[in-house]
Amino acid sequence: MRKDVRILLVGEPKVGKTSLIMSLVSEEFPQVVPYRAEEITIPADVTPERVPTHIVDYSEAEQTDEQLSSEISKANVICIVYAVNNKKSIEKVTSHWIPLINDNTDKDSRVPVILVGNKSDLVEHSSMETILPVMNQYTEIETCVECSAKNLKNISELFYYAQKAVLHPTGPLYCPEEKRMKPACIKALTRIFKVSDLDNDGILNDNELNFFQRTCFNAPLASQALEDVKNVVRKNVIDGVCDNGLTLKGFLFLHTLFIQRGRHETTWTVLRRFGYDDDLELHQDYLFPLTLKIPPDCTTELNHNAYLFLQSVFDKHDKDRDCALSPEELKDLFDVFPYMPWGPDVNNTVCTNNEGWITYQGYLSQWTLTTYLDVQRCLEYLGYLGYSIISEQESQAAAITVTRDKKIDLQKKQTQRSVFRCNVFGDSGSGKSGFLQAFLGRNLTRQNIVSEEHMSYYAISTAYVYGQEKYLLLHEVFPDFDVLSDADLACDIVCLVYDASNPHSFEYCARVFKQYFMDTKTPCMMIAAKSDLQETKQLYALTPLEFCRKHKMPPPQAFTCNTADAPCKDIYTKLATMAMHPHARLRCMCTCNRCTFCHLQNFINSELVQTVKAKLYTAILSRHVTQADLKSSTFWLRVSVGATMFAVLGFAMYRVLLKQR
C-alpha cells in the first residue's frame, strides 16, 4: 500500500475549494476565506485508511499554469469542484478541467478523479442527473459527491472517497462499460483461489473459506454468514456453489459484486494480502524479501517446514497417487506461476520414473538444487505458491536456512549441512555426463535416448551417509582448462573422471588436480570410467594408482554405466561421505560405507584413533625399553592399562557407529 496520499482540489473560482478544506480542518464554516489554503497534512492515525494524507488547494489568482501542471503531475487523486447552483462551473468540468488533467498525466496511468458538487445547501434539486452522463463518458471518474462546506455536509466523506480512490482504485479491477472485471483482475483472483484451494478439488470448502477469511481479514466467518454468502451465489450464478463449497465461478462473482456495490476495498485487501500491487502485479518486495543475507562461504538450504510445505503441494497435485507428476499434473502445479519455471532439462537433472515423469524424490531434489544455486529464484517460486500465506510466515525467507561458514565446519570437524556439492572434472569424452546420469539410476541404454539439447550439467539426488539422508549435487565442469572460474572450483569434493580405455584421458585429471586442488583441503576422488571396456595404460609419468598414493588420495574407483539394470550407487555414497567428513581421510577398501568392515576400517584410520594411539604409545613407551623393563611388573601393568583403554575406546566407538545405522 502507498505510504501517503496527495489530494489536489481544482475548479473554477468561487466554487468553494478553499472553504471545503478549511471546513474539514476546523469543523466549522470559515467566516473569512483566503484566496488559497496552505497545503495541510492529515496524520495517519486520524484517517480511516491509516495513511498520511496531503491536501493541496489551487487558486487561479495566485498560481500560474506551470504551477498547476506541476501539481496535477504530483497528485494521486484530483477533486474537480463545481457549484451545484452554477451551470457554467459544471460545464467547465468537461470543457476545461478533465482535458487539462488528461494532458498533464500519462495515458497509461490516469489519475483518478472525484467530482465534487459544493453548495448543495443553496438548491433543493440535485445535480446528479447532469453529472451521470459525464461519469459514464470518462472512466477515470471514480465517483461524484454532493456536499456543503457551510453545513459540513459530506465533507469527511468527500476526502474519504478521495483517499479510497487512490488506495482502492476501481480502474485496475473493473470495466464499467462491459460491467465485468478486467482480465488482469480475474487472473490474479484465479491464482488466489488456486492457492487457497488446499486440496486442489476446485472448490473452497468451509475450512478453506475460513482459513482464507482469517488470512485476509484476521477473523473467521460465522456459520450463518458463510451460509448467507453461499445462498447469494446460488441465486445468481449457476455452478457457483458445488458440494456445499464455493467454485472459482462463484468466487469471481462475489468479488464482482463487491466492486459493483462500491466495496472495492474488500477485493483490494485480498489482492494485497496475496502480494499484488496497484498494477495487479506481484510486488517485488513480496517475491524477493530483503531479510535474507548470505555471508561468503555459506550455502542456502530449505528447512524442515519448507519441505513439509512442498510435500503438501506435491500431494495436492499428484491426483493419481503414483508418487510422480505427469506433464498435466506438473502444468497444473505451475498454473499459479506467470511462466513455466522448469524446462525439459529438469527431467535429466533429477530422478524420474520409467515414463520420464518427475518422482517425489526428484521433485524435492529440484527444489533443493534451486535453493542451493539461486536462492532468490527459490524465494520467487515459493512466493508464487503462496508459501508465506499458507504457512503463516512473515515471508518466504522463513523457508531458508543459511548454513554455517564452511571454515568453521572444518575447524569443528562436523557439519549440519544437508547438501554437498561435487564438481566433476574430466576431458571430453571421458564419461562425465554418463557419470551424472548414472547417479539418477539411468544406464547407458536409457542415456542414449536423451536428446543432447535437453542434457543437464547438473544431477542431484539423495545418498545415505551412516544412515543420514543427504543431498549430493553433481556438477559437470566444462573441460576448458584455462578458464576455470571460482564457481567451478568451489565445492565440497572433487571428482576427477578419466576414460580407462583412452591412454590420453588421465593426463587432464592429473593437470587439473596439480594446478587447482593439490594444495587445498578439498577431498578428491579419481574415477576410472568405462571400466567395462579393456583398460589401457595411461600415457603419464605415474599410473593412476601411483598418482593417488603419492597425493594421499583413495585409489581410483572403477565405474561403468553400461549395465543391464541401474548402475551401482556405492561410489556416490563414498563421495557423499568424503564430502561430509573431509577431515576424516577415509580409506575404505570397498565403496559401500555401510558394512561392518567399512565402519571398522574408517574408524581405525580416523584421525581421532590415530591421535589416541600416538598418545598411548607415548605414555606407555616414554623411554627406551630395556631387558629389565620386560621383567618389571610395573611396565606390564602400564601396557595392560593402555591396551585396556584402547580396547574400551574402540568398542565404544564401534557401538556408536552401529547405533547410527
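Above: the structure in question.
Bear in mind the structure is a predicted one, so any value in this text is a computation, not a measurement. (Residues numbered from 1 in each chain as written. Predicted model: local features only at pLDDT ≥ 70, side-chain atom pairs only at ≥ 80, totals over all residues. Heavy atoms only, no water.)

K.L.:
I would appreciate a short explanation of the overall build of the protein in the present structure.
P.N.:
When its secondary structure is counted, the protein shows 27 helices and 21 strands. Every one of the 661 residues in the protein was classed for burial, and the buried ones make up 50%. Counting contacts in the protein only where the partners sit at least 6 residues apart, residues at least 24 apart contribute 68% of the total. Total accessible area on the protein stands at roughly 33,400 Å², and carbon and sulfur atoms take up 52% of it. (Helix = DSSP H or I, 4+ residues; strand = E, 2+ residues; numbered from the N terminus. Buried < 20%, exposed > 50% of the residue type's maximum accessible area, 1.4 Å probe, protein only. Contact = heavy atoms within 4.5 Å. Areas by Shrake-Rupley, 256 points an atom, 1.4 Å probe, with all protein chains shown as cover.)

K.L.:
Can you help me understand the sheet that holds strand β3 (residues 53-56) in this one?
P.N.:
Strands pair in a sheet through their backbones, by hydrogen bonds, and they do so in one of two ways: parallel or antiparallel. The six strands lie next to each other as β2-β3-β1-β4-β5-β6, forming an open sheet whose pairing is mixed. In the strand order of this sheet, the two ends are held by β2 (40-42) and β6 (141-146), each with one partner. Across this sheet, the average inter-strand angle for adjacent strands is 20°, counted without regard to direction. Bridge analysis of strand β4 (residues 77-83) against strand β5 (residues 113-118) gives six bridges, and the strand direction is parallel. In the sheet register, A83 faces β5, and the bridge partner there is N118. Each of β1 (5-11), β4, β5 and β6 is contacted by helix α3 (residues 87-103), which is oriented at about 160° to β4, the strand it contacts most. Packed onto the sheet, helix α4 (residues 128-137) meets β4, β5 and β6 and runs at close to 170° relative to β6. (Pairing = 2+ DSSP bridges. Axes fitted to C-alpha atoms, helices over the stretch in contact; angles between N-to-C directions.)

K.L.:
Would you take a moment to explain the pattern of salt bridges for this structure?
P.N.:
One side chain can pair with another of opposite charge once the charged atoms of both are near each other. Summed over all chains, the structure comprises 17 salt bridges. In this structure, the salt-bridge partner of D206 is K230, at a minimum N-O distance of 2.5 Å. In this pair, D206 is assigned in helix α7 (residues 206-217) and K230 in helix α8 (residues 223-236), connecting sequence segments 24 residues apart. Residue classification places K230 among the buried positions, given a relative accessible area of 1%. Between D409 and R404 there is a salt bridge; the shortest N-O distance is 2.7 Å. Salt bridges sharing common partners tie together R404, K406, D409, R417 and D492. (Salt bridge = Lys/Arg side-chain N within 4 Å of Asp/Glu carboxyl O.)

K.L.:
Would you mind going over unusual backbone geometry with me for this structure?
P.N.:
With the exception of glycine, the majority of residues adopt a negative phi angle, and the majority of peptide bonds are in the trans configuration. Although it is not a glycine, N154 sits at a positive phi angle of roughly 60°. Positionally, N154 belongs in the loop between β6 and α5 (155-167). Of note in this structure, C323 is not a glycine but carries a positive phi near 60°. Among the secondary structure elements, C323 is positioned in the loop between α12 (304-317) and β13 (324-325).

K.L.:
Help me understand a nonpolar patch on the surface, please; the structure alone is not making it clear to me.
P.N.:
Taken together, the side chains of L637, V641 and M645 define a hydrophobic patch exposed on the protein surface, amounting to about 290 Å² of accessible area. Positionally, L637 belongs in helix α27 (residues 633-660). (Patch = residues over 30% accessible without salt bridge, like charges linked within 9 Å, V, L, I, M, F, W, Y side chains within 5 Å.)

K.L.:
Can you help me understand the packing of α12 against helix α14 (residues 360-373) in this one?
P.N.:
Between two packed helices, the angle of one axis relative to the other and the distance separating the axes together describe the packing. For the pair α12 and α14, the least separation of the axes is 11 Å and the interaxial angle reads 135°. It follows that α12 is oblique to α14 by the angle criterion. Helix-helix and strand crossings are classified by hand; for α12 and α14 the assignment is right-handed. Of α14, the residues touching α12 (which contributes Y307, L310, Q311, V313 and F314) are Y360, Y363, L364, W367 and T368. By residue class, the composition of the contact of α12 with α14 is eight nonpolar, two polar and no charged. (Parallel < 35°, antiparallel > 145°, perpendicular 65-115°, else oblique. Left-handed = near helix turned anticlockwise from the far one by under 90°. Nonpolar A, V, L, I, M, F, W, Y, C, P; charged D, E, K, R; others polar.)

K.L.:
Can you walk me through the sheet that holds strand β18 (residues 468-476) in this structure?
P.N.:
The mixed open sheet is built from six strands, whose spatial order is β17-β18-β16-β19-β20-β21. Lying at the two open borders of the sheet, with one neighbouring strand each, are β17 (458-465) and β21 (557-558). When strand β19 (residues 493-499) meets strand β20 (residues 524-529), the two strands line up parallel, connected through six bridges. Across the sheet, the residue bridging to C495 is M525, located in β20. Sitting on the sheet, helix α21 (residues 505-517) is in contact with β16 (419-426), β19 and β20, with an inclination near 160° to β19.

K.L.:
Help me out: how do you make sense of the nonpolar core in this one?
P.N.:
Proteins that are soluble and globular tend to have nonpolar side chains buried together. In this structure, Y363 and W367 are the most contacted members of the largest nonpolar core, which totals 73 residues. With near-sequence residues (within four places) excluded, W367 lies in contact with L302, L310, W342, C378, Y381, L382 and L385. Grouped together as the second largest cluster of nonpolar side chains are 30 residues, L436, L474, V497 and L575 included. (Core = buried A, V, L, I, M, F, W, Y, C linked by side-chain atoms within 4.5 Å.)

K.L.:
Quick question: what am I supposed to make of the environment of T215 here?
P.N.:
Tracing the backbone shows T215 in helix α7. A sequence separation of 175 residues divides T215 from I390, and the C-alpha atoms of the two residues are 8.6 Å apart.

K.L.:
Sorry if this is basic, but what is going on with the packing of aromatic side chains here?
P.N.:
Here a ring pair, both rings aromatic, is described through the centre-centre distance and the interplanar angle of the planes. Within this structure, the stated rule accounts for 27 aromatic pairs. Seen from their ring centres, Y160 and Y161 are 5.8 Å apart, and the 50° between their planes marks the pair as tilted. Taking relative accessible area as the criterion, Y161 reaches 34% and is therefore assigned partly exposed. Ring centres 5.4 Å apart and planes at 65° place the aromatic pair F425 and F517 in the edge-to-face group. Taken together, the residues F425 in strand β16 and F517 in helix α21 connect sequence positions 92 residues apart. By relative accessible area, F425 is classed as buried at 0%. (Phe/Tyr/Trp six-rings, centres within 6.5 Å; stacked < 30°, edge-to-face > 60°.)

K.L.:
Help me understand the pairing of β19 in this model?
P.N.:
The side chains of a regular strand alternate between the sheet's two faces. Within β19, seven of the seven residues are buried, leaving the element largely enclosed by the surrounding structure. The two faces of β19 match: I493, C495, V497 and D499 on one face and V494, L496 and Y498 on the other face are all buried. With five bridges connecting them, β16 and β19 associate as parallel partners. For G426, the partnering residue across the bridge sits in β19 and is V497. Following the chain from β19 across α21 to the adjacent parallel β20, one finds a crossover that is right-handed. (Right-handed = clockwise from strand over helix to strand, strands pointing away.)

K.L.:
Would you explain the state of the cysteines in this entry?
P.N.:
Cysteine pairs can be linked by a disulfide, which is a covalent bond between their two sulfur atoms. Counted according to the given criterion, the structure contains zero disulfides. For the unlinked cysteine C548, the closest cysteine sulfur is that of C524, found at 9.6 Å. (Disulfide = S-S within 2.5 Å.)

K.L.:
For this particular structure, what's the right way to read the side chain of T403?
P.N.:
Tracing the chain through its elements places T403 in the loop between β15 (400-402) and α17 (406-412). If sequence neighbours within four positions are ignored, T403 has contacts with C298, T299, E301 and R417.

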